[in-house]
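Examining the three-dimensional arrangement
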Amino acid sequence: MRIRATVAAVSGALALSALAVPAAQAADAAPSFRAEAAKVLAGHTGSTAFRTADADADADAAADLGVTFSNLKIASAVKVGTTNHVTTTVTYTLTHGANYDVTSDDFDSGPVIYKGSIDSPEVLLGGEAPASCTVTSTTTAKCTGKIDIYPAAGDLINSDAGKWSAGAIALQYSSDDFSLQGGLGSTLLQRYSKLTVNASPEPVKKGKTVTVTGKLSRANWEDNEYHGYATQSVKLQFRKKSSSTYTTLKTIKTSSTGTLKTTTTATVDGYFRYSFAGTSTTPAVSAAGDYVDVQ
């Protein structure tokens, strides 16, 4: 489930863009949960960016279930590439009135992540299926759900990378009533990164120059390719053949196309690699060491 605010052609107003997941990807999902979640989020009374006339009518009729959420836990960061379906697990406590049966087919809940405010999110992602909730008392349940991300289907654009807030939703299908709560946690959605290295010549004479090249690239969520990550600081590191620890030799910056090139002096047999510390939008990554035999 993904929802994005987009500018509509009619009256220049903002409208809801609730994009359906391809059938092949959603074969085992719960379509009623997806459809109802999109519907209530579209008509959420505080969400002016997601209002339509039909949604307003539904929102006026809907009532808050009085469900609240707490103790939400989500991964600190989620790495998303260009094609593979990515999921991250979310757990939380659901508190409800004693008159609700959270195990009923009429009731479901699930986690959401969003950018912006929960009342007017710029973009929102949820799960294809509802969370699984285990009753812990007459008014509480422990729930485990997933956030599903399909980069190849257009779930994300590059500007979405960075910090997202986390929340949860509860639905009652028979009444269209729901509860939605945000600000329960946060995570980073990051553009998956790759880093290569090549040290030459191999072998090399002691005291001679070793040239080390490589490239830092990251996922582009708009064309589903990997492109060079420009002007980023990257460490050149070395470890001796007999050691398991890398030592930083120098720090250089990537070119406008993400490439790396520098030189160093051959001293002993060992492995060269590049290492990138990461940013809020792009995860840390280290290349596999390239062995050089020094003669």
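The paragraphs below set out a description of the structure included in this document. (Residues numbered from 1 in each chain as written. Predicted model: local features only at pLDDT ≥ 70, side-chain atom pairs only at ≥ 80, totals over all residues. Heavy atoms only, no water.)

Remarks on the overall build of the protein
- When its secondary structure is counted, the protein shows 2 helices and 20 strands.
- Residues classed as buried in the protein amount to 47% of the 295 residues present.
- Nonlocal contacts in the protein, meaning residues at least 24 apart in sequence, comprise 65% of its contacts between residues at least 6 apart.
- On the protein, roughly 13500 Å² of surface is accessible, and the fraction owed to carbon and sulfur atoms is 49%. (Helix = DSSP H or I, 4+ residues; strand = E, 2+ residues; numbered from the N terminus. Buried < 20%, exposed > 50% of the residue type's maximum accessible area, 1.4 Å probe, protein only. Contact = heavy atoms within 4.5 Å. Areas by Shrake-Rupley, 256 points an atom, 1.4 Å probe, with all protein chains shown as cover.)

A word on the pattern of salt bridges
- In this structure the tally under the stated criterion is 1 salt bridge.
- Among the ionic pairs, Asp176 bridges to Lys39, the shortest N-O distance being 3.0 Å. Taken as a pair, Asp176 in the loop between β10 (162-172) and β11 (177-191) and Lys39 in helix α1 (residues 31-42) lie far apart in primary sequence, 137 residues in all.
- A relative accessible area of 23% places Asp176 in the partly exposed class. (Salt bridge = Lys/Arg side-chain N within 4 Å of Asp/Glu carboxyl O.)

Overview of the sheet that holds strand β5 (residues 86-95)
- Spatial ordering of the open sheet is given by β3-β5-β9-β8, a layout of 4 strands whose pairing is antiparallel. Two strands lie at the open edges of the sheet, namely β3 (68-73) and β8 (132-135), each paired on one side alone. Along the sheet, successive strands turn relative to each other by an average axial angle of 25 degrees, direction set aside.
- Strand direction decides the pairing type here: β8 and strand β9 (residues 140-149), joined by 4 bridges, are antiparallel. Across the sheet, Val135 pairs through a bridge with Ala141, a residue of β9. (Pairing = 2+ DSSP bridges. Axes fitted to C-alpha atoms, helices over the stretch in contact; angles between N-to-C directions.)

Function-wise, these values are silent; they only describe arrangement.
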